Amino acid sequence: MGMLDGQRALVFGVANDHSIAWGIAQALHEAGASVGFSSVESLLERGVRPLAESIGSTFIEPCDVQSDEQIRAVFTKWRAAHGPDEKLDILVHALAFARREDLEGSFVDTSRQGFAVALDVSAYSLVAVVREARAAGLLQPGSSILTLTYYGAEKVVSNYNVMGVAKAALEASVRYLAADLGPEGIRVNAISAGPVRTLAAAGIAGFKKMYGSFADLAPLRQNISIEDVGRTALYLASDLSRAVTGETIYVDGGFHIMGVPSADA
Ligand code: NAD
Ligand code: 0WE
C-alpha cells in the first residue's frame, strides 16, 4: 500500500533525468500516484517521453507557460484523458527561466524586458497554472500544489540577480494562493532546494564553486539530491502535511540557518 495509491499528479518542468521535477515525479510514483507530465514541446520526445513511460505514464503534453492558451489546453486534455469525475490531487510546478545575460553581471543592469520574462515564467506561471486547473474544475479539497524556490529569494546570491526577485514574487504568490484556496481545502507550498546540478544550473557563472562550498557550510555537510527533494515533496503532497499551507520548506541540509561560518569550517 502506497501513501498516494489512487491519486493523480501532474508535473510541470521535467527536462531530463537530472531535473528536480523528475526526482519529485519518481517519489510520487513510488508512493503509488499516477503521474502525468507537461514540458516545453522541444524537450518532450527526446527527454521527457522515455522517462515518463519508464514509470508507466501516458499523459505527456507540451506547454509553454508564457501562454494562457497552452496552459488551458493541458487541463482540457487532462480532462479528456481521465474523464469528468477525475480530479488532480497533486500539481507540481518546477520551472523557471531568466535570460542568460540577466544571470551574470550586476542586477542593476537588468532590462525591463529581462525582468518581465523572468517574473512571467518563474512566478506568474504558478498563478496561471493554478487558476486554469481550478477553472477546469480539477482541484478539490485535499489537492496539494507544490513549487520550487531558492535561497536567492531572500538573501543576495551573486549572479542569481533577477531570478532572486522572481523567486521572492513566487514565494509571496504561494502565500496569497494559499490564502485564496485554503477555504476550498486546497494547499499551496514551496520547497526551497539547495543547489543541484541540473540543466538550469549548467554553465552558470560561479555555480560550480558555489556548489562545492555548499557542502562545507551546510550543517549536514552534504549537497542535496533530487531524491531528497522528492521525499519532502511526498510529505507536502500527502496528508502527512494536511494542516500545512503557504509554507516554504528548506531542503538544503540546513544551509539557510547559518550566519557567520566558523573559521575552521
Ligand atoms: P531543469 O532545467 O531540469 O528544469 C527547469 C525546467 O523549466 C525545464 O524543464 C524547462 O523546460 C522549464 N521551463 C523553462 N521555461 C519554460 C516555459 N516558458 N514553459 C514551460 N517550462 C519552462 O532545472 P531544475 O533545477 O530542476 O529547475 C526546476 C525548479 O527548481 C526551478 O524552479 C528552479 O528555479 C528550482 N530550483 C533549482 C535549484 C538548482 O540548484 N538546480 C535550486 C533550487 C530551486
Ligand atoms: O533557479 C535556478 C536557475 C534557474 C534558471 C537557470 C537558467 C540557465 C539557462 C533560470 N534561467 C536560466 N536561463 C538560462 O538561459 N537555480 C536555483 C539554480 C541556480 O542558478 C544560479 C544559481 C543557482 C543555485 C544562478 C546564479 C547563481 C546561483
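To keep things clear, this report deals only with the structure shown in the data block. (Residues numbered from 1 in each chain as written. Chains lettered and ligands numbered in written order. Predicted model: local features only at pLDDT ≥ 70, side-chain atom pairs only at ≥ 80, totals over all residues. Heavy atoms only, no water.)

**A short note on the packing of aromatic side chains**
Stage number 1. Enumeration over the complete set of coordinates arrives at 6 aromatic pairs.
Stage number 2. For the ring pair Tyr-150 and Tyr-160, a centre distance of 4.8 Å and an interplane angle of 70° mean the geometry is edge-to-face. On the criterion of sequence distance, the pair formed by Tyr-150 in the loop between strand S5 (144-149) and helix H5 (162-181) and Tyr-160 in the loop between S5 and H5 is long-range, its members being 10 residues apart.
Stage number 3. Given the relative accessible area of 13%, Tyr-150 is considered buried.
Stage number 4. Its relative accessible area of 17% is what places Tyr-160 among the buried residues.
Stage number 5. Geometrically, the ring pair formed by Phe-214 and Phe-255 is stacked, given 4.9 Å between the ring centres and 20° between the ring planes. One end of the pair, Phe-214, is in helix H6 (residues 207-217); the other, Phe-255, is in the segment after strand S7 (248-251), and 41 residues separate them in sequence.
Stage number 6. According to the relative accessible area criterion, Phe-214 is buried, its value standing at 2%.
Stage number 7. Judged by relative accessible area, Phe-255 falls into the partly exposed class, the value being 21%.
Stage number 8. One aromatic cluster is present, built from ring pairs that chain together Tyr-151, Phe-214 and Phe-255. (Phe/Tyr/Trp six-rings, centres within 6.5 Å; stacked < 30°, edge-to-face > 60°. Helix = DSSP H or I, 4+ residues; strand = E, 2+ residues; numbered from the N terminus. Buried < 20%, exposed > 50% of the residue type's maximum accessible area, 1.4 Å probe, protein only.)

**A closer look at the site of ligand 2**
Stage number 1. Close contacts around ligand 2 come from Phe-97, Ala-98, Arg-100, Leu-103, Tyr-150, Ser-158, Asn-159, Tyr-160, Ala-200, Ile-204, Phe-207 and Met-210, and that covers them all.
Stage number 2. The separation between a nitrogen atom of ligand 2 and a polar main-chain atom of Ala-98 is 2.7 Å.
Stage number 3. Along the lines of polarity and charge, the residues of the shell around ligand 2 split into 9 nonpolar, 2 polar and 1 charged. (Near = heavy atom within 4 Å. Polar contact = N/O pair within 3.5 Å; in protein donor to acceptor, adjacent residues only side chain to side chain. Nonpolar A, V, L, I, M, F, W, Y, C, P; charged D, E, K, R; others polar.)

**A word on the pattern of salt bridges**
Any two side chains of opposite charge can pair, so long as their charged atoms come close to each other.
Stage number 1. This structure, assessed with the given rule, holds 9 salt bridges.
Stage number 2. Between Glu-132 and Arg-72 there is a salt bridge, with its nearest N and O atoms 3.2 Å apart. Of the two residues, Glu-132 sits in helix H4 (residues 112-135) while Arg-72 sits in helix H3 (residues 68-82), which places them 60 residues apart along the sequence.
Stage number 3. The shortest N-O distance in the salt bridge between Arg-131 and Glu-132 comes to 3.4 Å.
Stage number 4. One network of salt bridges, in which partners are shared, links Asp-68, Arg-72, Arg-131 and Glu-132. (Salt bridge = Lys/Arg side-chain N within 4 Å of Asp/Glu carboxyl O.)

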